[in-house]
Amino acid sequence: MSVRNLNYFFSPQSVAVIGASERPGSVGATVLANLTSAGFRGAIWPVNPKYRVLAGLPVYRDASDLPQAPELAVICTPAATVPKIIDTLGARGCKAAVVLSAGLDAQGAGQATLRQAMLDAARPHLLRILGPNCVGLLVPGWGLNASFAPVAALPGRLAFVAQSGALVTAVLDWAASRRIGFSCFVSLGDGSDVDLGDLLDYLAGDPATDAILLYAESVRQARKFMSAARSAARAKPTVIVKAGRVAEAAHAAFSHTGALAGADLVYDAALRRAGMLRVYSTAELFDAVAILAQPRRPAGARLAILTNGGGPGVMATDALIAGGGTLAQLAPATLERLSGQLPPTWSHGNPVDIIGDAPAERYRLALQALLDEPGADAVLLIHAPTAIVPSADIARALLPLLRGAARPVLCCWMGGASVAQARSLCADAGLPIFDTPEEAVRGFMQLVDYQRNQRMLMQVPTASTLAPPDRAGARRRVSSLLADGVTAVGEADAKAILAAYGIPVVATEVVRDEAGAVAAARRIGYPVALKILSPDISHKTDVGGVVLDLGNDAELQHAVAAMSARVRAARPQARLAGFTVQAMARRPRAHELIAGISTDPVFGPVVLFGQGGVAVEVTADQAIGLPPLNRVLAADLASRTRAAHLLAGFRDFPRADMDSLYDVLVRIGQLAADLPELAELDINPLLADDAGVVALDARMRLAPAPAGADPLGRLAILPYPEQLERRVDSALGPLTVRPIRPEDAAAHETFFRALSPEDVHFRMFGMMRELPPSQLARFTQIDYAREMAFIASRPGADGAGETLGVVRVVIDPDNIAGEFAIVVRSDLKGCGLGRLLMACLLDYCRARGLAVVRGIALAENVHMQRLARAVGFQLQPEVDGCVELVLTLPEAAARPA
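Residues numbered from 1 in each chain as written. Predicted model: local features only at pLDDT ≥ 70, side-chain atom pairs only at ≥ 80, totals over all residues. Heavy atoms only, no water.

Engineer: Before we move on, could you go through the packing of aromatic side chains and cite the residues and values that matter?
Structural biologist: This model, assessed by the stated rule, comprises 9 aromatic pairs. With 4.7 Å between their ring centres and 5 degrees between their planes, Phe650 and Phe653 make a pair best called stacked. Measuring from centroid to centroid gives 5.0 Å for Phe820 and Phe873, while their planes differ by 40 degrees, and the two rings are tilted. Taken as a pair, Phe820 in strand 36 (residues 817–824) and Phe873 in the loop between helix 29 (862–870) and strand 38 (874–875) lie far apart in primary sequence, 53 residues in all. For the pair Phe820 and Phe873, one class covers both residues: buried. Looking at Arg589, its charged tip hangs above the ring of Phe653, at a distance of 4.2 Å from the centre. (Phe/Tyr/Trp six-rings, centres within 6.5 Å; stacked < 30°, edge-to-face > 60°. Helix = DSSP H or I, 4+ residues; strand = E, 2+ residues; numbered from the N terminus. Buried < 20%, exposed > 50% of the residue type's maximum accessible area, 1.4 Å probe, protein only. Lys NZ or Arg CZ within 6 Å of the ring centre and 35° of its normal.)

Pasting the structure below:
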């Protein structure tokens, strides 16, 4: 379940407090006092057989005695009583319960825990549970304080959700002292039913919430979380503190990739892919909200700094560079302009130090010059108080510029009482204000990171030119290895699987002895490299198991004998299966990289990239990405490493062939998605230079997939569903009907331009000449777990695919109902495309198990209404110029509630 019945937590008309009490300090007494003092306008029903009246309210002996089903119940009783109470509430018709009780991991009746018994009791009634072991929730705008928190929340438009009860009470206290208000404040507790994903889905559509703040310690259902997080982050600023950054569990990993892909790196990759902003403290959480509340966004990380003192400017610069930002380079025209307006002793560069005696007018002139500077993405104003000009006078002089600025301006008013009025003036104007230069720079970098993550959601990859991989060949080899009991896959087999996916590898042969090595080297051609082959040796160089640049038979024969002796001495228990002989890759100016796959226990397979070679774990330069990848995502993955600076070229090292590198990363993402048995992959080194990339060494670890398991079940993000592609005959000739993918953006833009103004109006319910980039990305970069869009396509005159029509359905998080829309190219109406696409969509909806499909058509769109009738939809009476189209799918009729 997801958002189903969550509305009863946030806007109940009645609340029952099970376990209400008058005993001082008890949870039941605190909850009842909080609820009655918060201004709740609905009915409050205390339940406890020991009392007749509490807080002036009649008390009921049992939930079954309540006058009617409460819309929300708050349970404050011992753990052992919870399952029965939930069963009674569900039978009465209650749909939401907050379980404050702890200790539900104890065993109940039979073999089940109390937690499982509670969930089993709730499920038949669709009763949603928040908790157990939580503080409760507060919805100030509804007058609801269903918690035992010691401080009430002020009303506002921020939603705060936390997995830590202690943090909930601390943040409430902290926020109250700073007059920060909330639309809701939720303690998740153990999250046995309602979890982070559910609340993200609900809050993304909550009109009372402008931004979502999360404190998370763990995620259980990665795909559900990712779908909800991506949806929420597209809708409104979503900021998260993810605790538990230090991982201690990677020591026994099979490969470098497994050891390097720490849990926090994976969470970082997931949050980045979702478009959320990650911060590292609760103070940063609220600072981020303040900075994101202002509407202007920087185009990049170039900051211009205006200060009346050298020291604060230096502090800001240090923080900026350390945080990954860039000091804006002022144009000569800007420097000349400033020199004409400022004293001769000004800093003549960025930071712009206008000297401590600066009057308000000097500030104004300098700020205007920096706002006009084309090389700056934002401006930081730093002011230290002086006795010469009151800070408030400076603020008043600058406010017109600050309000009308086209780019972000951050204000740092250093000091206390002397700058309090200036701070207040800026705060009242909705400007982000900070106490120190470091805090201001951190706020700027939060804005940069958030904008970068949002851009990643909107970036459109170019059409793929990669040939399809030999999936069948790779699967056959994996199946054969597993049938032979092989899980530690050697270099030769690993390279064969990589080659099946189009990843360049050097020629490699497996041999058993000296004679086989010589024969293989002659086939490959000297010079060659010789490597030991053993299922018990992970890192061959550690035991002298690698020799390079062998130029003839004699050198190779000597290397075989010497290597055998070294390895037997270093690892006498190791099983030696022979050797691998491979062609030497003579690329002296190539960079050694690592690329691979690791399996995270929460998010499933992830792709790792970074600096490689024998010192890979020492250099610790790697980044993580969640598959599937496209070129845009692959480029972002590579850019997050220090290796990216080397690959860009330096001195007489040319720029590496980055497109080839991105293609390899995309292919590795395909491997991760296609082969559920592939637990780990190391390509180290992966050589990259201006001539391309090639895998020199590779190894894999396989793990048999559980019988009957969904091969895609381990993936946090569903890949392109190739199995849904169809080849069909039509009045227009042979067509391909397939799911849309991000690379279709250019064709989709062309398709949109081919629609008549009337068809655009019918589809978009308004006039639109061009699709904005955000909308184009939204239409083509879909979440296959939550929505589907099928396009009808055929080759155009230039050979590229052209889109002829598109039908899409967006499915609710509970997988019950879907809302569809369809449009066919205006010059192709009457050719049967609409029926063809609708048939494809409805087949998909039935296979998904949806109960109902709905759509909305304008009343004058008679062609849409005629098509809907033809495929079985019922048309509802017109309301406000619109007609609802409803189709109940018969397969859903027998589905249990």
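Structure shown, so let's carry the discussion forward.
Engineer: Requested: an account of the pattern of salt bridges, with residues and values cited.
Structural biologist: Pairing is possible between side chains that carry opposite charge, provided their charged atoms lie close to one another. Inspection of every chain in the model, using the stated rule, returns 51 salt bridges. Among the ionic pairs, Lys224 bridges to Asp198, the shortest N-O distance being 2.7 Å. In this pair, Lys224 is assigned in helix 7 (residues 222–235) and Asp198 in helix 6 (residues 196–204), connecting sequence segments 26 residues apart. The partner of Arg753 in a salt bridge is Glu749, and the shortest N-O contact between them spans 3.5 Å. Residue Arg753 and its partner Glu749 are both found in helix 25 (residues 745–753); the two are separated by 4 residues, about one turn of the helix. Accessibility expressed as a relative area gives 24% for Glu749, which makes it partly exposed. Members of the salt-bridge network, linked through shared partners, are Arg128, Asp193, Asp195, Asp198 and Lys224. (Salt bridge = Lys/Arg side-chain N within 4 Å of Asp/Glu carboxyl O.)

Engineer: Which residues make up the packing of helix 14 (residues 391–404) against helix 15 (residues 420–428), and what values go with them?
Structural biologist: It is the contact of helix 14 with helix 15, at a shortest axis distance of 8 Å, that shows an interaxial angle of 20 degrees. Judged by the inter-axis angle, helix 14 sits roughly parallel to helix 15. The chirality of how helix 14 crosses helix 15 is right-handed. The residues of helix 15 that touch helix 14, namely those facing Ser391, Ala392, Ala395, Arg396, Leu399 and Leu402, are Gln421, Ala422, Leu425 and Cys426. (Axes fitted to C-alpha atoms, helices over the stretch in contact; angles between N-to-C directions. Parallel < 35°, antiparallel > 145°, perpendicular 65-115°, else oblique. Left-handed = near helix turned anticlockwise from the far one by under 90°. Contact = heavy atoms within 4.5 Å.)

Engineer: Outline the nonpolar core, supporting the account with residue identities and numerical values.
Structural biologist: Formed by 66 residues in total, the largest nonpolar core has its most connected members in Phe9, Phe225 and Phe603. Phe9 has contacts with Leu72, Ala96, Ala97, Val98, Arg128, Ile129, Leu130, Leu137, Val139, Leu144 and Val194, leaving out every residue within four places of it along the chain. Of all hydrophobic cores here, the second largest spans 51 residues; its members include Phe790, Ile822, Val823 and Tyr844. (Core = buried A, V, L, I, M, F, W, Y, C linked by side-chain atoms within 4.5 Å.)

Engineer: So, the sheet that holds strand 23 (residues 528–533): which residues are in play, and what are the values?
Structural biologist: Taken in spatial order, the 4 strands line up as 22-25-23-24 in an open sheet, and their pairing is antiparallel. Edge positions in the sheet fall to strand 22 (508–511) and strand 24 (546–550), since each has one partner strand and no second. Within this sheet the neighbouring strands show an average axis-to-axis angle of 20 degrees, counted without direction. Of the strand pairs in this sheet, strand 23 and strand 24 are connected by 3 bridges, and their pairing is antiparallel. Bridged to Val528 within strand 24 is Leu550. (Pairing = 2+ DSSP bridges.)

Engineer: Go over the environment of Ala570 with me, naming the residues and quoting the values.
Structural biologist: Topologically, Ala570 is positioned in helix 20 (residues 553–570). For the pair Ala570 and Leu130, spaced 440 residues apart in sequence, the C-alpha separation works out to 57 Å.

Engineer: Before we move on, could you go through the sheet that holds strand 38 and cite the residues and values that matter?
Structural biologist: Across the sheet, which stays open at both edges, the 8 strands sit in the order 32-33-34-35-36-37-39-38 with mixed pairing between neighbours. The open sheet has two edge strands with one neighbour each: strand 32 (726–730) and strand 38. By the bridge criterion, 3 bridges tie strand 36 to strand 37 (residues 852–858) in an arrangement that is parallel. Considered in strand 37, the bridge of Glu819 is made with Arg854.

Engineer: Mind laying out empty space enclosed by the protein, listing which residues take part and the relevant values?
Structural biologist: If you walk through the whole model with that rule in mind, you get 1 cavity of 30 Å³ or more. When its volume is computed, the largest cavity comes out at roughly 70 Å³. Contributing to the lining of the largest cavity are His748, Phe751, Phe752, Leu755, Arg763, Leu771, Phe779, Val806, Arg808 and Val823. Counting only elements with at least two residues in the lining of the largest cavity, the list comes to helix 25 and strand 35 (801–811). A class-by-class count of the residues in the lining of the largest cavity yields 7 nonpolar, 1 polar and 2 charged. (1 Å grid on protein atoms, 1.4 Å probe; cavity = no way out; pocket = protein on both sides within 12 Å on 5 of 7 lines; lining within 4 Å. Points joined across faces, edges and corners; volume = space filled by probe spheres on them. Nonpolar A, V, L, I, M, F, W, Y, C, P; charged D, E, K, R; others polar.)

Engineer: Give me the lowdown on helix 15, citing residues and values where you can.
Structural biologist: Buried within helix 15 are the following residues: Ala422, Arg423 and Cys426. Along the axis of helix 15, the buried positions cluster into a sector of 100 degrees, meaning they face one direction only. In this structure, the buried side of helix 15 is in contact with helix 14, strand 19 (409–413) and strand 20 (433–434). (Arc of directions from axis to C-beta.)

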